Structures are given as C-alpha cells and as structure tokens.
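# A structural walkthrough
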2 protein chains.
Amino acid sequence: MAKKTTRKSSAQRRSQRASKPAGKAGAKAKPAPKKPVKAPPPQPVEAAPPAPAKAPKYATAESMAKAQRSISVSEFFAKNRHLLGFDNPRKALLTTVKEAVDNSLDACEEAGIAPVVEIEIAQLSETHFKVIVTDNGPGIVRRQIPNVFGQLLYGSKFHRLRMSRGQQGIGISAAGMYGLLTTGRPVRITSSTRGRGKAHFYELQIDTRSNRPDIITDTETDWDRPHGTRVEIELEAKYQRGRQSVDDYLEQTAIANPHVTLAYKAPDGREARYEAGVKDLPPLPREIRPHPYGVELGVLIKMLQDTRAKSVQQFLTSEFSRVSPRVAKEILATAGIRDNARVRSMGGDDAKAIYHAVQKTKILAPATDCVVPIGEEQLIAGLRQVVPAEFFTATTRRPAVYRGNPFLIEAAVAYGRPEGEPAAAPAAGAGDGDEDDSDDVHAAHAKAVEQEQQEQGQLARLIRFANRVPLLYQQGACAITKAVTATNWKSYGLAQSRGALPSGPLTIVVHMASVWVPFTSESKEAVASYPEVLKELRLALQECGRKLGQHIRKTVRVRQELKKRSYIEKYIPAIGEALRDILDLKDRQVDKLCTDLKTVLERTRKL
Amino acid sequence: MAKKTTRKSSAQRRSQRASKPAGKAGAKAKPAPKKPVKAPPPQPVEAAPPAPAKAPKYATAESMAKAQRSISVSEFFAKNRHLLGFDNPRKALLTTVKEAVDNSLDACEEAGIAPVVEIEIAQLSETHFKVIVTDNGPGIVRRQIPNVFGQLLYGSKFHRLRMSRGQQGIGISAAGMYGLLTTGRPVRITSSTRGRGKAHFYELQIDTRSNRPDIITDTETDWDRPHGTRVEIELEAKYQRGRQSVDDYLEQTAIANPHVTLAYKAPDGREARYEAGVKDLPPLPREIRPHPYGVELGVLIKMLQDTRAKSVQQFLTSEFSRVSPRVAKEILATAGIRDNARVRSMGGDDAKAIYHAVQKTKILAPATDCVVPIGEEQLIAGLRQVVPAEFFTATTRRPAVYRGNPFLIEAAVAYGRPEGEPAAAPAAGAGDGDEDDSDDVHAAHAKAVEQEQQEQGQLARLIRFANRVPLLYQQGACAITKAVTATNWKSYGLAQSRGALPSGPLTIVVHMASVWVPFTSESKEAVASYPEVLKELRLALQECGRKLGQHIRKTVRVRQELKKRSYIEKYIPAIGEALRDILDLKDRQVDKLCTDLKTVLERTRKL
C-alpha cells in the first residue's frame, strides 16, 4: 500500500488538502495534513547550505527537512500490514475472522450474554472472499459504529486494566482496511441495541491518510434480532484447512471457551457447530487500578501532573490499587513528605522520593480476581477433545505481576497413546521378550524400536492461548515457546535437542490470562518475554513435567531395553562372520553360536 | 504506563482538556481529546436500554459507548513499549544506541559523508544510564528537530521506496519517550547544519497523550563541529557485555559497514574504535516508484483518486516504475480503455479492468540499483573477523520482488576449525588408525568421537542483517531463521534435528537488502515471512550449502568411521564374556580372541 504515495505526489496532495477550507474532510484529517501548513515554502536547492556532498544527488539538511513529515497510523499499518496479521491471503482470512469473533465474545461477556456467534465465509472468486460474523451481543450504539470500524486505535479496552481478548482498538478496523485495500469494497455493519425489528446499517471505508471513517451508507434496516452486531468484510484471501486455518482457530476457541456456541459455514459448504458445553459464563473479570510497584519514575511524575487529587495521600490512595490510607502514610513517611502535602507543590525530587519509598514499602500484591483462569479440569477436558492420550495432567498457577499487570499462567500436557493402540505393543513385547526369542517377536521388537525412534524424532505439539484466544502464528517468537524449549524435559524422561521442543507423543497446552497481555506484535500472535512471565511459565511447565516424568519413566526403560537389544542384533552377524574366520567354524556352528550368543547376552544384560 | 489512565480519571481529564479554550495544549492535543466532546452527557444506568444483563455490574451498549475513545499512537507504544524493543533494561540500552546510530549512518550516507559516529554510555546510578551519540552528518534544520525527536511516526523515510536503515519515523522518538517515562528526564539534542562554531540546542519531552513534542529548552550553543548531530538520552537500563549487547551490535555493524568509523566508550570505561576499512561509501541506493505488479486493486483505486495525472496513460507512466508509454498503451488495450481516457472518468470497473490487465501484461522487473548488497567478498572478510574457520563461502543473489518491493538476499557460511587446531586430530588419527590399534590411539579416537559428538550437539550460529543493520533479537520469529531451519543441511553433510538449526562448527551470515524490509515488529528485530522472501533466502542458503557440502563430505566419512569403531569397541568385551561361557575359555584366550576380533572386524568393515 506504501506504493500509493510516492514522495512527490503525496507532498502535493497534502498541501492541496491543507489549503482547503476546514470543512468536514479538513477537520477530520489530523494530524498528518496539519504539518505542511506550518512548514515554510520549499526553498530553492541553491539556497541550501553547502553540504559536503560529493555530487548533487546527495541530500542536504534542507532537502531532508523538506521530506520530513507526519505519518498517519493507518498509512503506517497499511504499509506494515503484516504487523496486523495480514502478511498473506490465508492468514488474512484467519485474522479477519479472529478479530471479528474475539470482539463478539468480549461484547457478549461484558454484557453478561452467553455468546452465540455465527461465522460464514463465502468465496466470490478464486482470490476474493466475503467474511460474515454475526453475534447476539448488546450491539453498538449508532454514533460509535463509524469510529469502532473505521478508525485504527479506537476502542474501550485500551484505557483500562481488565482481562479481555481485544485490547488495542486496532483489529477489526484493520481487517476492514485490508479488505478495502485489496478489493476496494467497504465494510458493512448491521447493529441493533434494542431490537424492535430494526437495526442501524452502515457502509464504511477508512481514509488511510487521516485515519478516519468515510461513511458511504448510513440507514436503518429491518433486522429480526433483539440485539447484536453483524460485520461483513470482503477481502483478497485464500481458504485452506489444517493447521493455522480458520477451522483450527474455531476448534481451539471452542476448547478454551466452553460457554461459547459457534456456528460455522465454510466456503466449501461444510458446516460445523460447537455447542456451549457449560451454561454459566466465566466470572466477569474485575477492572483494577495500577499497582504502585509497576509504576516507573517518569510515569509517576506524569500521574502527579494529571491527577485531580488535592493531597499527595489522596493521590496515592485514589490512583493506585492496594494503597490504603495507612500504606500511603507509610510511603510518605519513608519519602519524608507530609501526608497533607499538596500535589501541586510536588517537584521532581519529591516524585523521586515517593518512587523510591514505594519500592521500600511492603504493599499487598494486586487483587487477583481480575484474571480468570480456564481451570485445570477444563483444560484437560479441552485437551481430550484434540488428542487421545494415555496420560493427562494440568496445573493453574496463582496470579503474579509484571510491570504492575496481574497475570496468571496455566499449563496442561497429554502424553502417549490411549490403551489398546498399536504402539502399546512394544511395552508388552519387552515384558515377556526376554524369555521368548522367536523371530516374529524380534520383528515386533524391530518394528517397535523403529516406531519409538520415529516418535522420538517427532516434536511435541504446543497449543498456546492468551486470554482464551488461540495463538496460531509466530510460535518461535513466543515467550511460551521459549519457556517450553528452555525447560529440561530430559529430566522428565523425554528426548530433547538443545533449544528445541521436547520430542515424543506429547501435546502441551499453555494459557496466559492477564489484564494486559504483552504481545510481540499488533497481530497478537506471540507473548513478549518479560522475565516475570517467563518465570511463571517455567514453574507451570515444571509442575506438569514432574507429574509427567513419574508416568514416563517405565516407558523410557522399555525403550532403552529395545535400543540395547537392537545394537546387539545389529552386530551379532558380523561377529559370527569374524568367529568363523578365527575358529574356522561351519555355517551350522556359526548359526548355533549366534543364537547362543544372543541368549547369553540377553541374560547377562538383565543381571 | 497504561496504569496512569484508569478509565474514570482519564475520561475526566479529557473533558477538562477539551473544554479548555483551544490554547497551545488544546490545539496540540489531537485526536484523543476531541471525541468526548461529541459524546452526550453520561446517562444514568437506569436510562440505558434493558440489556439482558444478569447483574448491574454487566455493561450495556450505552455504557460501552461511553468508554470508547481514540488512543494516541504514543499512548499505544508507551503501553506496548516491547514492540519498540524496550521490554527490559538491557535491551532498552541496546535499542536506544541502535536507533541513534542507525539514524546517524543514514544521514551521513544520504549526504555523501563518510560516517564517523561516537557512542558514549555513562552510568549515573545502578539502573540509570546516559547514552550520548554524536555524528558528523549534515545536521538537522532547526524547525524539524522537535518533530524528529519528539513525535512518533514522523520522518522522511516512510513516504518513499528507498533502501535505508530507518523507515518508520518511530525509533529515536521512542527511545526518548522511554527515557522520559523511566527517568522523567528530557531528550537533549545539539545539531548544526553550517557550523561557524554554533549549534541549535533543544531539550524535548514527548507529550504521550497528543504525540507532540513539549519544548523545554530552545537555544543556541557553541559547538566546534562544522556540521553534525548529538543526541543525549537518560534512561533506566542495564549494561552487560556478550551476545545481544551494545558491544555485539557495534561489532556486527562494523562488519557489515566497512566504510563506517565507530568510536565507543563503554560504561565500564573500556574504549573501542572500529576504523573504516574502505574509503568509499557504498553506492547511494536510488529511490523508485512502485512497480505495477505489487499494487492491489483497492490501492489502485485510491491512486486513481489521488493522482494529479489527467489521462489514464499519463497516470500509469507517471505513478509507476517500468511503465513506458508503450507498456501503458498495452495495458489499456488489454483493459479495453482508450489511451486518452480521463482519470476522472474512471469507475470501479475500469480500475478492476486495469488491475487485471496489469497482471496479464509483461512488464520489466523493477530497477535493481535501488538495493545495494554488501558483496560476497566483503561478507567473507567480515565473517573472518568474527570466527576463525577452515572453510568460507558466500553468495549474493540477484534482486527479486515482494509486493512490488525490490529486495536482495546474500548469505555466507564459515565452517570448521582453522588448520592446526586440536580437532583436526581425529581425521589424521582415523587415517592410520586401521593399521595401528595401540591403546593411546584408541584413547585418541574415543576423545575425537566425544569431541565430534559435542560439536554435533552444538547448534550453528546465525548472524542476521537487514539493510546492513544487525538483527540481535527475535531470531525465532525471523524469516531468515525459518529459511535456515527449513533447509535440509543433512544433504550437505551436517547433523540437524527437525525444525532446528543445523549443528556443528558452523556460522551462517544472511543479509536482506530492500527498499522496504518487512519487519515483524516496530523494533525491527526480525523479517516477516513473505513467500518471495523465503524463496530467495532458501536459494541463497542452498547455494552456500552445496559448496559447503563438497568440503564437508570427507569430514563426515571420518566421523562415521569413528562411530562404527566405537560401537564395536563397546560390545567386544561383552562378547568376550559371552564366548567364555559358551566355549568356556581362559581369560588369556578371551583377551587374545577379543584382540583378533577387533582386527578382523576392522578389516571386514573396510572391505
């Protein structure tokens, strides 16, 4: 999309716009168009200072200055669309569905409505798709619809500390922008807050240069729903099932959200419906104020400038969580500041004193009812749906804090094959194998060894969730992955090569719940590696690992048995040959000798 | 930083601000403060429509609407600082130096000045540091200094297609913002464009709510430099040498930029100086217009609306690269549109027709002098500085295109140990080992095997560059890493476990040069996985791999020799024991037999 603005033409467009009388467009277009007005008229290059340029083609401070200007956040993300999860057509389809569904689930839960979300994807041409997501949420009031869907960085979830799927106010507008840029088609929104058979209908397209919605249609339409919202986005996309697909996302969403009903209609006509497994909504997470420990000096200074509190004590008790009047007194005493000191009278040094006093004061950890786990039971139940296994375990950690943000880690693992499946054989085989040396058993062993080795080569599957949203991309960039690969799975009896996932028939599920999940990019695909987060991840994984280790040990013993045996079987023939030469024996004798050798070696090995 | 604005207080602050007479602050504060004015006075919750909420604590469409508002780009990045590379104090120090140095190098090169950059880091307290970066660049004109350093998304490099280190107009302002938020101290800038012993001096701090600079000091000061810029930022940081450190960054920068001189003063007092190895600057990359193939339908529609061209043919030839009048005629013919058709008369269907016609028309690939490689010779020279090795090779691919953006991939590898180092021993040992079975040789072999195995366990080192800037973080998220791990290094004789880097004494260097590097985050630490980019990476790595494979094969044969031998040696004693039982031999006989066995087996193995 960068391609639309070559340096020259965009500069001209801007001054055109800026010179317009401040009409609707003019007023709307901010801040990008403003700057050029302030800028003085371009000066002739000759007037520029004699920069030590070797050739005229080189730039000077003046020529550079002329090129410097603001970039609208929409222009930025249009050019950097991969930051939002639109790097290729297949991913674009997933991201669009994801943003719409996540918003629907947030809205329903905040309004206390058991979510029923319908997802339909229609293929209009080889590369042209239409995504329709309809929910039974509270709806969106008319005046906010254009902003919510036609402006990046607009929403209700950013300026608060509360666990929710969306946080940034970017996602759904970005999906609309991507649709517009790839197909030229506007976003269509139908929303009703009080039913009566009517709904608001909008057609919007984002003006990337000003990051504001252009309203194309704004009417009322018939709608049979009492309340809810429908979003329709046309986009260039590619549909393909399997890992990282829309199907995959919906399945994992159902796993982590048993209270949600999802009705899905795929472009190939298939229909899937995930019924809510539980009637009750998860408890509504509480919104909290920042915790003093997480606040930095510069931020504290800013808060002192911004607060409406009169006295410093009032400031501390009103702007922070866990600061009672007593605690405030203690902080101020340590800082050497009077309780009733006026906020206005506070200087930089006072702020510094308060900042350091906070670190020295014992303050309760943040309230923990602001982060809601999925729960061990539910994690295992969900895991059972994806993978049949012989062993399951899960653990939910108590909440912790990074940069003042409460968060919580939970993990679950599934290991091995359920009873009765083929690969159970080697264990059995090894059990009586020592007494019985008949060929078919050997074959079985060989096969088992092979199978075991294959499984060893196979890396574990990792399923990641953040605030109940499946993370399908950028596994390599995710703190969750870092924690899994940094964990020493060998000590739990699994194979693992350095810096890699453990290998074997293992599935690992990890969920991070937080009032503010630190994602590594706006596409919210991976969790950033804050030390406190990594620590909790490690502890959760170790708890699961220990339980898994106990279960695994015998499996490992069996595998080693089989390995040793396979070595011997590998070398005995060579040895037979060798012995023939040395003791020059007959073939018959050699065979006999080899069989005896095996038996004896088996036995000695067992002693 | 999010913590500063609890939902309630920030709403109040905003309406306060908004209701102010539009003074400096009011005018500056956009777009955030505007919205609440539009919003109607809060309605009592009873007045809200009867949403099916189970309890009053649940939200309604109205209560949600009241909380919805704009988020300033500074607020966004302040809360998501890890997106900009400020996730922890150590990384914050690196990022700050990196952004300042990259800007200096860009400015010098654009002005045709051989860069001489001085980097000084002073430790003011345990966690409080000061970074000072001074360059001999063209300087920054006074009126632009506040914008360049005090506003996110402001710069000259975004609205153009040209290879440079910076592209987003975020980095240095973000470093200043981080410094402000962690220490409360403003950024200090000294800059001179024409010398005469004077320079502009500014103290700035960014207003995160409005994303505009607050100017604290604006004066003229004495400066002995004819031209250049100095930036001083105080920040909360941590200094630690080793991988991913400032030292690491500067060393790798010197490797990829032989024309640059860097003078570094570390907080621990150490001083390092990297002298320019070559006198000439690399050729100045040419700026280009977008290539038609990279433009999407929606973007094309937008360009048609924005262009100043009168006729469609004019539009095509003036807005795109590689579109001659002849090509334009051809496109329009295919689209069934008259050459002299007016742009204004073009509708959505015409745009669609042109879009499809473009795909059907043969158009020259983009000009390639807009991407400048480091060069095979220079890559190897650089690599030699980091790692001594027995084998080096490099390859520079011809430029390719992703989404219309020209880019170029080059790769180099260093393998093994230089002549004469211990690990050369096993090869020699294996050479004559077959004739000679004395114990010490066996010990040597055992040691060699062990050593070989250790090396096998050690993953290769990967060094990544984008537009000559070292990428030190998020290796796991990088397309370069994906390409390396996806390459089948086994076929070149290296060990590699699935989805992992190859293992062995190997160092891989990869450089991507592009008019627009698609980074996975604003911190510019990893390249996004565009299919075209992955393909070029693969091809470059395979070219190096093939050359490496030829060199490696014999090394591998030796290793296998040693492995086989070690197995035999492992089992012969057990066999001895077994034979004693079977043929009940004397110890003496057993020893003799074992020695003979070894010899025979060695021999048979060689046949």
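Residues numbered from 1 in each chain as written. Chains lettered and ligands numbered in written order. Predicted model: local features only at pLDDT ≥ 70, side-chain atom pairs only at ≥ 80, totals over all residues. Heavy atoms only, no water.

### Examining the overall build of chain A
Across its full length, chain A carries 19 helices and 18 strands. Going through the 607 residues of chain A one by one, you find that 60% of them count as buried. A separation threshold of at least 6 residues defines the contact pool for chain A, and within that pool the share at least 24 residues apart is 70%. When the accessible area of chain A is evaluated, it comes to approximately 23900 Å², of which 53% is carbon and sulfur surface. (Helix = DSSP H or I, 4+ residues; strand = E, 2+ residues; numbered from the N terminus. Buried < 20%, exposed > 50% of the residue type's maximum accessible area, 1.4 Å probe, protein only. Contact = heavy atoms within 4.5 Å. Areas by Shrake-Rupley, 256 points an atom, 1.4 Å probe, with all protein chains shown as cover.)

### Brief notes about the relation of the copies chain A and chain B
Structural alignment of chain A on chain B gives an RMSD of 0.2 Å, achieved by rotating through 180 degrees and translating 0.0 Å along the axis. What the rotation and shift describe, once combined, is the action of a two-fold rotation axis. Take the interface residues of chain A: 99% of them recur as interface residues in chain B, which is what a same-surface contact looks like. (Least-squares fit on C-alpha atoms with pLDDT ≥ 70 in both.)

### A word on the interface of chain A and chain B
Listed as interface residues are 136 residues of chain A and, on the opposing side, 136 residues of chain B. Note on chain A versus chain B: buried area summed over both sides is about 12100 Å², and carbon and sulfur give 60% of it. Remark: the boundary between chain A and chain B carries six salt bridges. Taking the shortest distance from any N to any O, the salt bridge between Asp306(B) and Arg209(A) comes out at 2.8 Å. (Buried area = accessible area lost by both parts, 1.4 Å probe. Salt bridge = Lys/Arg side-chain N within 4 Å of Asp/Glu carboxyl O.)

### Observations regarding the pairing of strand β5 (residues 187–192) of chain B
Residue and element names in this part refer to chain B. Most of β5 sits out of view: five of its six residues are buried. As judged from the five bridges shared by β5 and strand β8 (residues 228–236), these two strands associate in the antiparallel manner. For Thr190, the partnering residue across the bridge sits in β8 and is Arg230. (Pairing = 2+ DSSP bridges.)

### Quick notes on helix α12 (residues 325–335) of chain A
All names here are of chain A. Within α12, burial applies to Val327, Ala328, Ile331, Leu332 and Ala335. The arc that holds the buried residues of α12, viewed along the axis, is 135 degrees, so those residues lie on one side. Projecting away from the buried face of α12 at angles above 90 degrees are the exposed residues Arg326 and Ala333. The inward-facing, buried residues of α12 abut α11 (312–319) and α13 (348–360). Gly336 occupies a position one or two residues after α12 and carries a positive phi of about 70 degrees. (Arc of directions from axis to C-beta.)

### So, the packing of aromatic side chains
The final tally for this structure, using the stated rule, is 16 aromatic pairs over all chains. A centroid spacing of 5.7 Å and a plane angle of 90 degrees characterise the contact between Phe315(A) and Phe320(A), whose relative ring orientation is edge-to-face. Given a relative accessible area of 0%, Phe315(A) falls into the buried group. On the basis of relative accessibility, which here comes to 3%, the residue Phe320(A) falls in the buried class. Among the aromatic residues, those joined into a cluster by ring pairs are Phe76(A), Phe77(A), Phe158(B) and Trp516(B). Above the face of the Trp516(B) ring, Lys79(A) is positioned so that its terminal group lies 3.8 Å from the ring centre. Between the NZ or CZ atom of Lys79(B) and the centre of the ring of Phe158(A), over which it lies, the distance is 4.8 Å. (Phe/Tyr/Trp six-rings, centres within 6.5 Å; stacked < 30°, edge-to-face > 60°. Lys NZ or Arg CZ within 6 Å of the ring centre and 35° of its normal.)

### Thoughts on the sheet that holds strand β6 (residues 198–207) of chain B
Residue and element names in this part refer to chain B. Strand order in this open sheet of eight strands is β7-β6-β5-β8-β3-β2-β9-β10, and the pairing throughout is mixed. Where the open sheet ends on each side, the last strands, each with one partner, are β7 (212–222) and β10 (271–274). Across the sheet, the mean angle separating the axes of adjacent strands is 15 degrees when strand polarity is ignored. Bridging between strand β3 (residues 128–135) and β8 involves eight bridges; their strand directions are antiparallel. In the sheet register, Thr134 faces β8, and the bridge partner there is Arg230. (Axes fitted to C-alpha atoms, helices over the stretch in contact; angles between N-to-C directions.)

### Quick look at the pattern of salt bridges
Tallied over the full model, the rule gives 56 salt bridges over all chains. Arg397(A) is paired through a salt bridge with Glu536(A); the nearest N and O atoms lie 2.8 Å apart. On the criterion of sequence distance, the pair formed by Arg397(A) in the loop between β11 (391–396) and β12 (400–402) and Glu536(A) in helix α18 (residues 531–583) is long-range, its members being 139 residues apart. Judged by its relative accessible area of 8%, Glu536(A) is buried. One salt bridge in this structure joins Asp87(B) and Lys91(B), with 3.2 Å as the shortest N-O distance. In terms of burial, Asp87(B) and Lys91(B) fall into one category: buried. In this structure, a network of salt bridges that share partners links the residues Asp106(A), Glu109(A), Lys157(A) and Arg165(A).

### Brief notes about the state of the cysteines
Counting across every chain of the model gives zero disulfides over all chains. Here Cys594(B) is not disulfide-linked; the sulfur of Cys594(A) is the nearest cysteine sulfur, at 16 Å. (Disulfide = S-S within 2.5 Å.)

### Observations regarding a positive patch on the surface
All names here are of chain A. A contiguous patch of positive charge, built from Arg308, Lys310, Arg338, Arg342 and Arg344, is present on the exposed surface. Topologically, Arg342 is positioned in the loop between α12 and α13. A residue is classified by how much of its surface remains accessible, and Arg342, at 42% relative accessible area, is partly exposed. (Patch = residues over 30% accessible without salt bridge, like charges linked within 9 Å, V, L, I, M, F, W, Y side chains within 5 Å. Lys, Arg positive; Asp, Glu negative; His and termini not counted. Charge placed at Lys NZ, Arg CZ, Asp CG, Glu CD.)

### Remarks on the confidence of the model for chain A
Residues and elements named next belong to chain A. Across chain A, the average pLDDT comes to 82, with 82% of residues at 70 or higher. Low confidence marks residues 422–442, where pLDDT is under 50. Its contacts with residues over four positions away, or in another chain, come to 23 contacts. Scored as a complex, the prediction yields pTM 0.76 and ipTM 0.75. (pLDDT = per-residue confidence, 0-100.)

### Structural notes on the pairing of β7(B)
Residue and element names in this part refer to chain B. Examined bridge by bridge, β6 and β7 share ten bridges and lie antiparallel to one another. Each residue of the ladder has a partner; that of Asp207, found in β7, is Arg212. Counting the residues that bridge the hairpin from β6 to β7 gives four residues, and of these Asn211 lies at a positive phi of roughly 50 degrees.

### Let's talk about the nonpolar core
One finds Leu316(A), Ile354(A), Ile508(A), Leu316(B), Ile354(B) and Ile508(B) to be the most contacted residues of the largest nonpolar core, which totals 264 residues. Of all hydrophobic cores here, the second largest spans 24 residues; its members include Leu597(A), Val600(A), Leu601(A) and Leu585(B). (Core = buried A, V, L, I, M, F, W, Y, C linked by side-chain atoms within 4.5 Å.)

### Things to note about unusual backbone geometry
Residue and element names in this part refer to chain A. The phi dihedral of Gln244 falls on the positive side, at around 65 degrees, and the residue is not glycine. Within the secondary structure, Gln244 sits in the loop between β8 (228–236) and α9 (246–256). With a relative accessible area of 26%, Gln244 lands in the partly exposed category.

### Digging into the side chain of Glu99(B)
Note on placement: Glu99(B) falls in helix α6 (residues 89–110). Beyond its immediate sequence surroundings of up to four residues, Glu99(B) is in contact with Gly171(B), Ile172(B) and Lys524(B).

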